Amino acid sequence: MSVTIFTMTHKKFREPSDPIYLPLHVGRACSEDLGYAGDDTGDSISDKNCYYGELTGVYWVWKNVRTEDYVGICHYRRYFCTEEGRILNEKDYLSILQDHDMIVSKKLKLNFSYFDGYESDYNIFDLITTGEVIRQKYPAYYANFERLVHGNGTYFANMLVAKKALYDEYCAWLFSIFDEVEKRIDADSYDDYHKRVFGFISEFLLLVWAETKGLKVCECKVGMTDEKYETKQMKETLADFFRQKDLAGAKAYFLESLQKRPDVLMEASDITGELKMAMQAVAVCELERQEYGESVIDRMQDFDALMRYFGRLNDAINDCKTGGLQAEDIRYLQSARISEIAVEASARLFCTQEELAAVVERIGREI
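Residues numbered from 1 in each chain as written. Predicted model: local features only at pLDDT ≥ 70, side-chain atom pairs only at ≥ 80, totals over all residues. Heavy atoms only, no water.

Asker: What am I meant to see in unusual backbone geometry here?
Answerer: Excluding glycine, a negative phi dihedral is what most residues carry, and trans is how most peptide bonds are arranged. A positive phi angle is found at K245, which is not glycine, with a value near 60 degrees. Note that K245 resides in the loop between α9 (229-243) and α10 (247-260). In this structure, R337 is a non-glycine residue whose phi angle is positive, near 55 degrees. Among the secondary structure elements, R337 is positioned in the loop between α13 (327-335) and α14 (340-350). (Helix = DSSP H or I, 4+ residues; strand = E, 2+ residues; numbered from the N terminus.)

Asker: Would you take a moment to explain the packing of aromatic side chains for this structure?
Answerer: Counted according to the given criterion, the structure contains 27 aromatic pairs. Look at Y122 and F200: their rings are 4.7 Å apart centre to centre, the planes differ by 35 degrees, and that puts the pair in the tilted class. Pair noted here: Y122 is in the loop between α4 (114-121) and α5 (124-137) and F200 is in helix α8 (residues 197-213), with a separation of 78 residues, a long-range link. In this pair, the class of Y122 matches that of F200, namely buried. Members of the aromatic cluster, joined through ring pairs, are Y114, Y118, Y122, Y142, F145, Y193, F200 and F204. The lysine or arginine in question, K12, covers the ring of Y36, its NZ or CZ lying 4.8 Å from the ring centre. Lying over the aromatic face of Y332, R312 brings its terminal NZ or CZ to 4.8 Å of the ring centre. (Phe/Tyr/Trp six-rings, centres within 6.5 Å; stacked < 30°, edge-to-face > 60°. Buried < 20%, exposed > 50% of the residue type's maximum accessible area, 1.4 Å probe, protein only. Lys NZ or Arg CZ within 6 Å of the ring centre and 35° of its normal.)

Asker: What should I look at first to understand helix α3 (residues 90-97) in this one?
Answerer: Because each turn of an α-helix spans 3.6 residues, side chains separated by three or four positions in sequence point in the same direction. Along α3, the residues that are buried comprise D92, Y93, I96 and L97. All buried residues of α3 fall inside an arc of 120 degrees around its axis, so they share one side. Measuring from the backbone nitrogen of K91 back to the side-chain oxygen at the start of α3 gives 3.1 Å, which picks out N89 as the cap. (Arc of directions from axis to C-beta. Polar contact = N/O pair within 3.5 Å; in protein donor to acceptor, adjacent residues only side chain to side chain.)

Asker: In this structure, what is going on with the pattern of salt bridges? I would like to understand it.
Answerer: Close approach of charged atoms allows side chains with opposite charge to pair. According to the stated counting rule, one finds 21 salt bridges in the structure shown. For the salt bridge of E182 with K48, the shortest nitrogen-to-oxygen distance reads 3.0 Å. With E182 in helix α7 (residues 164-184) and K48 in the loop between β3 (37-38) and α1 (49-52), the pair connects residues that are 134 residues apart, well separated along the chain. The class for E182 is partly exposed, based on a relative accessible area of 26%. Counted as one network, the salt bridges with shared partners bring together R28, D33 and D40. (Salt bridge = Lys/Arg side-chain N within 4 Å of Asp/Glu carboxyl O.)

Asker: What should I look at first to understand α13 in this one?
Answerer: All buried positions along α13 are accounted for by D329, I330, Y332 and L333. Looking straight down α13, one finds its buried side chains confined to an arc of 165 degrees; they lie on one side. Those residues of α13 that are exposed and aimed more than 90 degrees away from the buried face are R331 and S335. Summarising the contacts, the buried residues of α13 are in contact with α12 (303-322) and α15 (353-366). Count one or two residues on from α13 and you reach R337, which has phi positive near 55 degrees. (Contact = heavy atoms within 4.5 Å.)

By themselves these figures say nothing about function.
The structure is reproduced here in structure tokens:
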């Protein structure tokens, strides 16, 4: 048995040296040729990439690759890896697949139901319509769809590895559902981000399919080799606002960006957590200015320095919450001139209402 992993991409990237990873240019029918194999040959839906995202590549592998071996899907910046962060090689895959039907991403644990999360960021009619199509076409899957859609788990990134026959079975199920959903929704009325409705919903449907089939899956760590372009761009723009000490501008820009791309705060996008800390910085500095007339940003405008400042503050809060302040926490809190407002505002991000008062009081004694 051999393993071939198709690396979905829409841009030039640094390819893994391992020959099992083959770049596949998704949406090539609608874009400039990158020099990779594309999803616009043979039986193809490449021209639907604006609605399907990487699924146009998933479809191409289904329809155009003939093998009895293992195939898989990853992304130009996301790969299955060991817990230590090493990208899996063929030996790793074959070892795992001896005892599992499929390799998937580790399940995301949401702080809300999948249904509620989808409703807050997308058109919930599309998800409801998908459920209705499943009820009509695949009634044996509907009970699990209903149960899981109101649960708090989902796979992400449409990443999987399996024998080609099982991969094909999944694709036949998935795309037959979307063929019908396409007829019932109006994705053309959405902006460019929200048009990718089928790419979004399919991440969840992989969970429904695997659980209903009773597959033995290996939930594998996904490593990131780079941040999203949109994430980098947001951090660079926020850094410009911070250099100018423009909190109002930073806040307005962030909220506008979040409305356009609600995925930017997901762990898979904000892999360093710095976008979350940037908004923590804005909120804290606004409160400090209201109370004291000045804030930490009036003495520290460098983005990286602000991230270290709030990162160390967050570490101290979490240490205090879980077991007690360390000596290095106390030294930092005192030397960095952390305000009481910064402590309380930041502690609200990490503490329950019951924990909050004790943590704030403990840290307050040190600063």
